[in-house]
Amino acid sequence: PDSHADDDADAGGLRTPIVAVLGHVDHGKTSLLDKIRGSAVTAGESGAITQHIGSTAVPLDVISSMAGDLVDPTDFDLPGLLFIDTPGHHSFSTLRSRGGALADIAILVVDVNDGFQPQTMEAIDILKRTQTPFIVAANKIDTVPGWNPNEGEPVRVSKEKQSDRVQGDLDEKLYEIIGQLSDNGFSADMYWRVQDFQNNIGVVPVSAETGEGVPDLLTVMMGLSQRYLKEEMSIDVGGPGVGTVLEVTDARGFGTTVDAVVYDGTISEDDEIVVGGLDGPIVTEVRALLKPQPLAEIRTEKQFERVESVAAADGVKIAAPDLDDAMAGAPVRVVRDRDVDEVILEVEEELAGFEVSTAEEG
Ligand code: GDP
């Protein structure tokens, strides 16, 4: 299987799809992201997964070890999933790539007890407008009265083990959500009944608390990406890196740095880059590319490790001079063999679009 993966990389390269998590406040976005990170660490043992700054990469082998029978890794040639760690639709709207959404795909989290709420509707509107494919995570299934949790199990397995009454109660709540999706113009069903995820929204019952349904969620995201996003994931991995700033932060010993998601090409140490700033494009040079140590090792002390280069799609902390005015949501572009003025112009154009779209957002 390894040589198969190498062949694909040589043929141009498929990048990791970028996933955003949206939903109403308190419906469990943060908990779900934490659970995915936590479960992935357990499943992959230490070092198999790295928590990046502002994003978390979950490689395919980790997904398949978590998902057990649900995933046959040979069905996939996409390398895994990259989750943007900052949940919420504000971050979804400000994080863009070439004018579109930075996220390729989204998880809309809905509390099974609460159903659709104002921010659920706002999220739906944004997903519609940006034409972002999404699935619904119907969260907190463990709160159905009488539910007996089965930690980390696929949801259909766990559901089967519940009493008829509990199963009936859950189904009722899930159908309510399916009805609300339908009221908003989406044909939806339980994910295991959905054949065509392009025209139907799959609803995945989950618990961010017990991890039930998380294997299903990852499997469905992987399947959906593989089936419908594969063409968009084809990139020139060796080309000049292109990314989006998630956050501008101070890192001890490095001054002001930007946490970015690279969604095309490769960025390397010493590359000349152009970054969107408050007063226009900033031209600077990469001093260091930093990643946190594997999650299992950073519980006591946060420490970065330096890497020589980062290929899309991946998260990285970029240390470079003159980043004080860099802006969250702004583009980062590697100059490489091109004329720097050309790249400055590209960044200026993207910044102009960025201002218009954030103004629209209110
Ligand atoms: P966010 O505002 O959407 O990020 O929601 P949080 O992740 O902060 O969750 C809000 C509250 O719901 C917290 O107290 C969580 O512990 C709780 N919560 C989230 N997911 C679940 C779940 O699946 N089951 C239960 N029982 N509680 C949950």
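In what follows, the structure referred to is the one given above.
The shown structure was predicted, so the numbers you read here are calculated from the model rather than taken from an experiment.

Novice: Please explain the overall build of the protein chain as it appears in this structure.
Specialist: When its secondary structure is counted, the protein chain shows 9 helices and 20 strands. Within the protein chain, the fraction of its 362 residues that count as buried is 55%. When contacts within the protein chain are restricted to residue pairs at least 6 apart in sequence, those whose partners lie at least 24 apart make up 73%. When the accessible area of the protein chain is evaluated, it comes to approximately 15700 Å², of which 45% is carbon and sulfur surface.

Novice: Before we go on, may I ask you to explain the sheet that holds strand β17 (residues 304-307) in this structure?
Specialist: Picture the strands of a sheet paired through backbone hydrogen bonds; they go either parallel or antiparallel. With antiparallel pairing, the 8 strands of this open sheet are ordered in space as β15-β14-β20-β11-β12-β19-β16-β17. With one partner strand each, in any of the chains shown, β15 (282-285) and β17 form the two edges of the open sheet. This sheet shows a mean twist of 40° between the axes of neighbouring strands, independent of strand direction. With 4 bridges connecting them, strand β14 (residues 272-275) and β15 associate as antiparallel partners. Among the inter-strand pairings, E272 is bridged to a residue of β15, identified as E285.

Novice: Quick question: what am I supposed to make of the pattern of salt bridges here?
Specialist: If charged atoms from side chains of opposite charge come close, those side chains can pair. This structure, assessed with the given rule, holds 18 salt bridges. Across the salt bridge formed by D85 and R37, the nearest N and O atoms sit 3.0 Å from each other. Here R37 lies in helix α2 (residues 29-44) and D85 lies in the loop between β4 (80-84) and α4 (89-94), a separation of 48 residues in the sequence. The class for D85 is buried, based on a relative accessible area of 16%. Take R37: its relative accessible area is 13%, and that puts it in the buried class. Here E350 makes a salt bridge to R333, at a shortest N to O gap of 2.6 Å. Here the residue E350 occupies a position in helix α9 (residues 340-361), and R333 occupies one in strand β20 (residues 331-334), the gap between them amounting to 17 residues. Judged by its relative accessible area of 8%, R333 falls in the buried class.

Novice: What is the right way to look at the packing of aromatic side chains in this model?
Specialist: Centre distance and the angle of the planes are the two values used to describe a pair of aromatic rings. Going through the model one piece at a time under the given rule, you end up with 2 aromatic pairs. Residues Y191 and W192 carry aromatic rings whose centres are separated by 5.3 Å and whose planes lie at 80° to one another, so their mutual orientation is edge-to-face. The class of W192 is partly exposed, set by a relative accessible area of 22%.

Novice: Even after reading the chapter, I still don't get the site of the ligand, so can you show me in this structure?
Specialist: Taken together, 15 residues sit near the ligand, with D26, K29, T30, S31 and D142 positioned nearest. Note that an oxygen atom of the ligand is positioned 3.4 Å from one of the backbone N or O atoms of H27. Within the side chain of S31, a nitrogen or oxygen atom sits 2.6 Å from an oxygen atom of the ligand. When grouped by side-chain class, the residues that make up the shell around the ligand number 2 nonpolar, 8 polar and 5 charged.

Novice: Got a minute to help me understand the pairing of β4 in this structure?
Specialist: Within a regular strand, side chains alternate between the sheet's two faces. Buried residues dominate β4, accounting for 5 of its 5 residues. A two-sided burial pattern is seen for β4, the buried positions comprising G80, L82 and I84 on one face and L81 and F83 on the other. Where strand β1 (residues 18-23) meets β4, 2 bridges bridge the pair, whose relative direction is parallel. Each residue of the ladder has a partner; that of I18, found in β4, is L82. Pairing analysis gives 5 bridges linking strand β3 (residues 55-59) to β4, with the strands arranged antiparallel. Each residue of the ladder has a partner; that of T56, found in β4, is F83.

The rules behind each value
- Residues numbered from 1 in each chain as written.
- Predicted model: local features only at pLDDT ≥ 70, side-chain atom pairs only at ≥ 80, totals over all residues.
- Heavy atoms only, no water.
- Helix = DSSP H or I, 4+ residues; strand = E, 2+ residues; numbered from the N terminus.
- Buried < 20%, exposed > 50% of the residue type's maximum accessible area, 1.4 Å probe, protein only.
- Contact = heavy atoms within 4.5 Å.
- Areas by Shrake-Rupley, 256 points an atom, 1.4 Å probe, with all protein chains shown as cover.
- Pairing = 2+ DSSP bridges.
- Axes fitted to C-alpha atoms, helices over the stretch in contact; angles between N-to-C directions.
- Salt bridge = Lys/Arg side-chain N within 4 Å of Asp/Glu carboxyl O.
- Phe/Tyr/Trp six-rings, centres within 6.5 Å; stacked < 30°, edge-to-face > 60°.
- Near = heavy atom within 4 Å.
- Polar contact = N/O pair within 3.5 Å; in protein donor to acceptor, adjacent residues only side chain to side chain.
- Nonpolar A, V, L, I, M, F, W, Y, C, P; charged D, E, K, R; others polar.

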